[in-house]
Amino acid sequence: MDPYQGAASVPVHITVLRGNNLRGIKNEPFVSFVRVEFNGIVLGDSHKMNVPMDECVNYSFTCSFECSDVGYTPDDLAHKPIILTVIEVLPKEKKQKEEKTSVLGQAIVDLLPLLHGQWSFSSTVVLHPAPGSPSEIALQDGGIKPTLEVTVSVPEPLLSDSQLSESNLLAVTVETAYSVPDVWNPALGPSCSYVAALQVPLTAEKEQILLFSNGVLKMGGEREPVPRPKKWPIGPLLASDAQFIPGICIEGELTDLEDGDLTSIEDQEFRAEAECNRKRVSWDTERRCFLDAGGAACLTRRIAECRLWPVEVMRSPQTGAAKVAVGKASKEKTQAEDEIQLPFHGVAYVDLAPLLYPGAKSIRGAYALHPFYDSHLLLKTKRNMSVLRESMKAPAAQGRPRPPSSVGSCKAAPSKVFETLKASRDNKEVARKTGKLDQCESITDAEPQVNAEGQMYADSRSYIVIEIALDKPLVPKRPAEELAKRVMELIPTRPLLPRRPAGAARAVQDYQAQIVTVAAQVLEQYQRMFGDAFVPRAKPLDPATQEQRKRQLLGELNCSGKYFAFKEQMKYSVVRIVREKMLRTEAFTDPEQLQAFLSQLYVFLVDEMHVALNKTLSADDPEVQPEPLLDCSQLRHFAKEALLNEEYQLAAQYYQEQLARDRNNPSHWFDYGVFYMLTADYLKAEECFQLAVFIKQVNVPSLLMCGILSEMSGRYEDAETFFERATCIEPSCIVAWTLFGLFYLAQENFIRAEMAFTEGTKQLRAAVVCSPGCRQELVNDTQTHTEGGRQEEVKFSQSLAKPVDKPAVEVDGNKEELGAQSNQVIKTEDYNANADPKPAVLQQNQSSTRLSTTIYIETVTFLLQNFALQMAQRALAQQLLCPDGGPSSSYHLALAHVQLLQGQYNSAEASLQEALSDSFQNPDAWALFGHLKYLTKDYNQAQKCYERTLDFVMDASDTHPVYLRLGSIYLQSKEYEKAKTTYLRACRSTPSCLTWLGLGIACYRLGELTEAEDALSEANTLNNRNPKVWGYLSLVCLQTGRKLEAEQSYKYALKFSFQDEPLLQEIREMQDHYRVTVLTCLNSKSSSECLANKRCLRLNWKYEVEIKAFSTYISSDNLPVSGDRMSEMSAVKTEHSGTSAANGSGLVYEDKEGNENVRPEDLSEMLAAGTKEVHEKAENTQFVKDFLRGRIRKELFKLGAVALYYTYAAMEAEIDRNKDHPNFAPLYFPNELHRHEALAQDLEYFYGEDWQNQISCSPATQHYVDRIHDVGRDDPALLVAHAYTRYMGDLSGGQVLKKVAQRALNLPPTGEGLKFYQFDGIHSAKAFKQLYRSRMNELELDTDTKKRIVKEAILAFQFNMEVFQELEEIGKTIQGDVLDAGPVHGDMQGDISKCPYYVAKMAASGGSTYVFQMAMAFLRNPTGQVLLAAWIAVVAGLAAWYLI
């Protein structure tokens, strides 16, 4: 029911306040008045007012009209303005009886604000001059525009709040009809009227016919200007400019992203030509309609029932309608109605379905004009009448024409859309009553056979541009805030678990936690016995009191049993350290080894105790932990590689380690969820995706997967929420829109499905237009996967080894009917076809640019990557029916991918054959074909496919599985050179444990043991749990004579469940062969054989020195999968181990580097013994101590680099000059050792490109440099001393200084500023040092020369100490903060002699050095040191108790 029917009328008051800049005809003061009109009726005239020149005139005139359902309705206010006409009263002439007037201009007031809920509004409107008026002339000369000030008000709102929220405003704009028939020519005939009409519902019961009869025929030659104003749908006004609606224009030209019929490439070209050169009829008129709640609901229902709405057009002479009507005035009314003929009657079918898209408020497009036939109208729109014919019936029946000058609308009348046609013949009436003729036959007989004039529209390819807009969408779109709230309601809140360390790190942390607990208990006992332990500004205790309290405390701990309780409390943590950190699981048989291990363990435990106490007592920030060896992108890559080999447990471990790195990264949870999608564990997959959304709700891939899984489980409302939220977050996401459309399609919501598909297609076109050649792709965080900018996604899904059996979870309830339903739903229909238009709801618009892909292929790619196979099949079904799609190569390739994952190998092969027939040079198709043959164990064909794939110029999208499987085929066929080449390419592009392993196997089989060991070491670094890697390492070690390493590798191969029996047998045979070889060497009595065996053994010296480090750093069961322990092992191979030290992160032990062939008279031994004392002095200089503690100023570090630059420049210049000298030539290693260029790079980093002009040689350095030049010139043999002092120190302690400097100075991890410490030409520092010493020992020098070299080495140490002292003095003058690497509680550096407890013990035995150290410790903090010594005693006793 009409909500306004019977309602009280509301007066609308219009007040004209004043006029400004008005001009009369004679440009002098004049008399004028204002006339107010509405809907063709004069509401009143103001008083006549004198208007002075260049001044305003106050009219202060008010008039009104009533707004009600009987008189002027809200719809009248929507499209009819108030017309204000300013009229000049001309002076009376002689004998003039009546006064004359002249219209000066007209102004327009839009009443639309009243329908928006406003009570009143004021406006200053322009007075548009009448033709020939003085104002028009003034405006042409650039004068000021005349204006009127108007106020419109109502005593109460026209609409209540509920009416305002439920009503709507519909605006229909008929712009221009292009390429009209050529017979239309204004010069050859009478003036014609060009009319367009359509019908819309205003209320639930009434409809309104909208007539646009002010069309103007124009000749071609130029485009219509844009922007151009829209016109009012009213009759001609006296002022031509007043016909334009203020502030509303037609903006821009149509594009391929608009709605309409003409969007294909051919249509775009035709439109470009027609809109420039061909005839057109221009209306540019907007008609606004007010729809009440019933009208808006009726419009929505009508569009849902039939999406096509007819817009009729015709051309007729201005008097044609009158002639027809008058000529037939004597006939009966029904006969007149049937015989009215409309010339050039055409129709455009406008698709209004986009107005039912959520949030859609307008459509605009070019629609083709067709000849009008009643039968076509009924089939397409379910309407049985012509709105133009209906609008002409009443005037024709009354025998009078319609007013040709007005443009408006027919009066609202009850709807006749669903009424039956009236019979025009008596026999037709009888047939209709008896049911012998249906409705369509009646229409066909009643209409002319051919609409010849209307057919001209089709022949000329005429089309009309129409825009239909709403003030509010018919289907509201849920706001983003509501969707976000709904998503959070669907996902239960889960507390995020903290990160937990694993393996050795966890063992050390547990031990440190126990230390803190025991320390707190000991401190509590001390305070209970002696009061507060640390009193500010308290007098230090004397040594006797300290000793007494210590004894009392230890006695109390022993007597009370707390000491034993402490040991029990810490037992488990110490045992874990021994097993997991020290890797000792077996008992010692050698007492010396046991003692050495106890010493190492003691040092480590004490140092970790200091670390724990530092963390407890220090207020400084904790030390930044180093980055792990493997980043998350590598872990993800290795996990997918494990899936490729069906190692699901290993893949799960990689994903779990990725989560352990950062549990708050949504991309990690997404990857884990994809893993569960592959294994068909959908509950766990959904939980992972929900966790990803919980952490970051804007994670679009996780939202999409949540929507897919919700639909699979039948929770359709939840699925809709997830999909809609994804499209709201990322409106340009093609995959999100396509999945949204597939969801609606399954729900048989065809209009919304079409909305989603159309939006996805628009986004795809926009992506192609913005960046040609690039396609929109979905990123996992992206986008999210946002892991420090690293978002590398390796696509392994197409090459997975085996399909995974999955539960039959169906979305539509019947899997077999999916294809049939899809075909039925997506069937497209041409407008001229005689079929029900309902199946055409998903017809895709033709793309103006031919795309190389479609939204469905893009979506299938995403779905296959994430193993959502059911949805992928539905997307492929749509691909077949898409106008831009069909059975293309990409379709067959995607279908083969799906079939391969489902294990349908025969079907997959057939699909791949189709794909290759369409695109024979597609590398992805050949790669997938190779995977198919590999899975079916047809390795010969697989090899051919893989080789063809790699031979193409363009690479496949994922070459990693191709490399892996082709390499394995080569290994099986013993083509090791090809395998080596293949794996090398894989290692360059996507290195992993398996690629390095394959390379190592190929090199081993080719006899390239060094390269094999390097490759296997890389593989072990990336995954130290691969038993095959350990097995081949064992073989390499056996081949090179390293039995101990071979045994260790063999042990860990068995430990990790090695199942390769042929390889195990090969290892055992090699072990037996090695034992026989050793026995033969030992039993050989020939001197030549002994010499040969000795040389054979000496070749392996470089490996033997690493055995101890290797056995110490092998990983254990509880270490992470990433191989962090192996990174520590690699660090040992390149780090000095001559000084006993424990740094808290890994064991560094004292290595004697002994050799049974070393003699005391060897030069290396003489240098070690002769420089021991001065070496200790150099290490104890304050500069070096501060450096080792990490307390170093950056400026001092730079000056130290300058000193080293001049020193090495001089030394290496002399070395190069004496490189052929017999006493130095064996030690000439320029590529391995020279530091001059590396120091230049460091100085350029610190000082810039102009570094050479900013540095100078200091006095102490110059003294050192002069001595080097003297030695090189006069006695080159002494260069050995300087080279030994510098290079051996750099390879030893220098590596420790490098780490300290990098951490203290916050230098980049990539090595800038520390090139001096990097020896790129040396693989193993320890091995090279041994080689260097061996070369020194082989120099042919007499005893005196060796002694002189030792003295020169001592002198070199003294020169270095002078430089240190110089830097120390300079440091005292430098202002600024000291860069500190972190708090150091016990600066032991692994030296047990620096332990306070050990110092106290040795001091009691009489050692003066230890007495001094103990005294210094006590002076620092007497009371605290007593407690520290007691705590250490507890730990030391515990270690001894456990291990002895």
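The numbers attached to residues start from 1 for each chain and follow its sequence in the written order. Since the coordinates come from a predicted model, pLDDT governs what is reported: local features require at least 70, and pairs of side-chain atoms require 80 or more to be given and counted, while whole-chain, interface and lining totals use all residues. As a rule here, side-chain values come from all non-hydrogen atoms in the structure, and water together with hydrogens is ignored.

1. Remarks on the overall build of the protein chain
Keep this limit in mind: Numbered from the N terminus, helices here are DSSP runs of H or I no shorter than four residues, and strands are runs of E no shorter than two. Relative accessible area decides the class of each residue, using a 1.4 Å probe on protein chains only: under 20% of the type maximum gives buried, over 50% gives exposed, and in between gives partly exposed. The protein chains shown are the only cover counted for residues, whose accessible areas, like all others here, come from Shrake-Rupley with a 1.4 Å probe.
Counting its regular elements, the protein chain contains 58 helices and 27 strands. Within the protein chain, the proportion of its 1444 residues that are buried is 51%. Accessible surface computed for the protein chain: about 66,500 Å², of which carbon and sulfur atoms make up 51%.

2. Looking at the side chain of Thr-173
Defined as follows: Here a polar contact is taken to be a pair of N or O atoms separated by no more than 3.5 Å, where protein atoms must pair a possible hydrogen donor with a possible acceptor and residues adjacent in sequence count only if both atoms sit in side chains.
By the element assignment, Thr-173 lies in strand β11 (residues 168-178). A distance of 3.2 Å separates polar atoms of two side chains, one belonging to Thr-173 and the other to Lys-230.

3. Concerning the sheet that holds strand β5 (residues 57-67)
Each strand in a sheet pairs with its neighbour through backbone hydrogen bonds, running either in the same direction (parallel) or in the opposite one (antiparallel). Basically, it comes down to this: In this scheme, strands are said to pair when DSSP sees at least two bridges between them. Every axis corresponds to a line fitted to the C-alpha atoms, with the helix fit spanning only the stretch in contact, and the corresponding angles, defined between N-to-C directions, vary from 0 to 180 degrees.
Taken in spatial order, the four strands of this open sheet run β5-β1-β10-β8, and their pairing is antiparallel. The sheet is open, and its two edges are formed by β5 and β8 (120-126), each paired on a single side. On average, each strand axis in the sheet is tilted by 20 degrees relative to the strand beside it, whichever way the strands run. Pairing of β8 with strand β10 (residues 147-153) involves seven bridges; the strand directions are antiparallel. Bridging across to β10, Ser-122 finds its partner in Thr-151.

4. A few points about the packing of helix α35 (residues 976-989) against helix α36 (residues 993-1005)
For clarity, the threshold we go by: Each angle gets one of four labels, with under 35 degrees taken as roughly parallel, over 145 as roughly antiparallel, 65 to 115 as roughly perpendicular, and the rest as oblique. Crossing handedness follows the turn of the near helix against the far one: under a right angle anticlockwise gives a left-handed crossing, and clockwise gives a right-handed one. Any two residues whose heavy atoms approach within 4.5 Å are treated as being in contact.
Closest axis-to-axis distance for the α35/α36 pair is 8 Å, and the angle between their directions is 150 degrees. Accordingly, the angle class assigned to the pair α35 and α36 is roughly antiparallel. Taken as a pair, α35 and α36 cross one another with a handedness that is left-handed. Of the residues in α36, those touching α35 at Tyr-976, Ala-979, Lys-980, Tyr-983, Leu-984, Ala-986 and Cys-987 are Leu-994, Thr-995, Trp-996, Gly-998, Leu-999, Ala-1002, Cys-1003 and Arg-1005.

5. Structural notes on the packing of aromatic side chains
The cut-off we apply is this: Only centres within 6.5 Å qualify two rings of Phe, Tyr or Trp (six-membered ring in Trp) as a pair; their planes then separate them into stacked at under 30 degrees, edge-to-face at over 60, and tilted for everything else.
In this structure the tally under the stated criterion is 40 aromatic pairs. Consider the rings of Phe-270 and Tyr-463, whose centres lie 6.2 Å apart with planes at 65 degrees: the pair is edge-to-face. Within this pair, whereas Phe-270 is found in helix α5 (residues 265-277), its partner Tyr-463 is found in strand β23 (residues 463-470), the two being separated by 193 residues in sequence. According to the relative accessible area criterion, Phe-270 is buried, its value standing at 9%. In this structure Tyr-463 comes out as buried when scored by relative accessible area, which is 0%. Residues Tyr-655 and Tyr-672 carry aromatic rings whose centres are separated by 6.2 Å and whose planes lie at 35 degrees to one another, so their mutual orientation is tilted. Of this pair, Tyr-655 sits in helix α20 (residues 648-661) while Tyr-672 sits in helix α21 (residues 666-678), and the two are 17 residues apart along the sequence.

6. What about the pairing of strand β21 (residues 362-371)?
Burial analysis of β21 places nine of its ten residues in the buried class, which makes it a mostly covered element. Both strand β17 (residues 259-260) and β21 contribute to a ladder of two bridges, which runs parallel. Bridging from a neighbouring strand, Gly-260 pairs with Ala-366 of β21. The pairing of β21 with β23 spans seven bridges and is classified as antiparallel. Looking at β23, one finds that Arg-364 is bridged to Glu-467.

7. Describing the pattern of salt bridges
In a structure, side chains of opposite charge can pair up when their charged atoms sit close to one another. Rule in force here: Here, a salt bridge means any side-chain nitrogen of Lys or Arg that lies within 4 Å of a carboxyl oxygen of Asp or Glu.
Inspection of the entire model under this criterion finds 51 salt bridges. The salt bridge partner of Glu-657 is Arg-661, with a shortest N-O separation of 3.4 Å. Here the residue Glu-657 and the residue Arg-661 both occupy positions in helix α20, the gap between them amounting to four residues, near one helical turn. Its salt-bridge partner being Lys-978, residue Glu-975 comes within 3.2 Å of it at the nearest N-O pair. For Lys-978, a relative accessible area of 40% translates into the label partly exposed.

8. Re the pairing of strand β1 (residues 10-20)
Pairing geometry for β1 and β5, over nine bridges, is antiparallel. Counted as the bridge partner of Gly-19 is Val-57 from β5. Of the pairings in the sheet, the one linking β1 to β10 comprises seven bridges and is antiparallel in character. Counted as the bridge partner of Arg-18 is Glu-149 from β10.

9. Let's talk about helix α52 (residues 1279-1291)
Rules: Any helix carries an expected span of 1.5 Å times its number of residues minus one.
With 13 residues, α52 should cover 18 Å at 1.5 Å per step; its first-to-last C-alpha distance of 18 Å lies within 8% of that length. For α52, the buried fraction is high: twelve of the 13 residues fall into the buried class. When we look at burial in α52, the residues that qualify are Leu-1279, Val-1280, Ala-1281, His-1282, Ala-1283, Tyr-1284, Thr-1285, Arg-1286, Tyr-1287, Met-1288, Asp-1290 and Leu-1291.

10. Points about the confidence of the model for the protein chain
As a general rule, the predicted coordinates of low-pLDDT regions are not to be interpreted in detail. Note the cut-off: Per-residue confidence from the predictor is reported as pLDDT, a score between 0 and 100.
With 74% of its residues at a pLDDT of 70 or more, the protein chain shows a mean pLDDT of 76. Contacts of residues 1-6 to residues separated by more than four positions or lying in other chains number 15 contacts, the stretch itself having pLDDT below 50.

11. Quick look at unusual backbone geometry
Omega for the bond connecting Val-226 with Pro-227 falls within 30 degrees of zero, at -5 degrees, which places this linkage in the cis form. Although it is not a glycine, Arg-461 sits at a positive phi angle of roughly 55 degrees. Position of Arg-461 among the secondary structure elements: in the loop between α13 (452-460) and β23. Residue Ala-680 is not a glycine yet carries a positive backbone phi of 65 degrees.

12. Examining α13
In plain terms, the rule: Summarising the geometry, the arc corresponds to the directions from the helix axis toward the C-beta atoms.
Buried residues of α13: Gly-454, Tyr-457 and Ser-460, and no others. Buried residues of α13 fall within an arc of 120 degrees about the axis and therefore sit on the same side. Exposed residues on α13 whose side chains face more than 90 degrees from its buried face are Ala-452 and Asp-459. Structurally, α13 contributes buried residues whose contacts are with α5, β19 (308-317), β20 (346-351) and β21. Of the residues trailing α13, Arg-461 is marked for its positive phi of about 55 degrees.

13. Overview of the environment of Ala-652
Turning to its location among the elements, Ala-652 is positioned in helix α20. Assessed through its relative accessible area of 12%, Ala-652 is described here as buried. For the pair Ala-652 and Ala-642, spaced ten residues apart in sequence, the C-alpha to C-alpha distance is 9.0 Å.

14. Topic: the environment of Gly-1000
Following the sequence through the fold, Gly-1000 ends up in helix α36. Exposure remark for Gly-1000: the relative accessible area of 0% places this residue in the buried category. Residues Gly-1000 and Leu-1033, 33 residues apart in the sequence, show an inter-C-alpha distance of 9.1 Å. Those residues in contact with Gly-1000, other than ones at most four positions away along the chain, are Ala-1012, Ala-1015 and Leu-1016.

15. Examining the packing of helix α19 (residues 632-644) against α20
Heads up, the rule is: Throughout, the ten residues Ala, Val, Leu, Ile, Met, Phe, Trp, Tyr, Cys and Pro are labelled nonpolar, Asp, Glu, Lys and Arg are labelled charged, and all others, Gly among them, are labelled polar.
The N-to-C vectors of α19 and α20 enclose an angle of 165 degrees; their axes lie 7 Å apart at closest approach. Between α19 and α20, the crossing angle belongs to the class labelled roughly antiparallel. Seen along the crossing, α19 lies across α20 with a hand that is left-handed. Facing α19, whose interface residues are Cys-632, Leu-635, Arg-636, Phe-638, Ala-639, Lys-640, Ala-642 and Leu-643, α20 presents Tyr-648, Leu-650, Ala-651, Tyr-654, Tyr-655, Glu-657, Gln-658 and Arg-661. For the contact of α19 with α20, the residue count by class is eleven nonpolar, one polar and four charged.

16. Points about the environment of Ser-375
Relative to the helices and strands, Ser-375 resides in helix α9 (residues 374-381). Since its relative accessible area comes to 16%, Ser-375 is described here as buried. Considered as a pair, Ser-375 and Met-385 are ten residues apart in the sequence and their alpha carbons are 10.0 Å apart.

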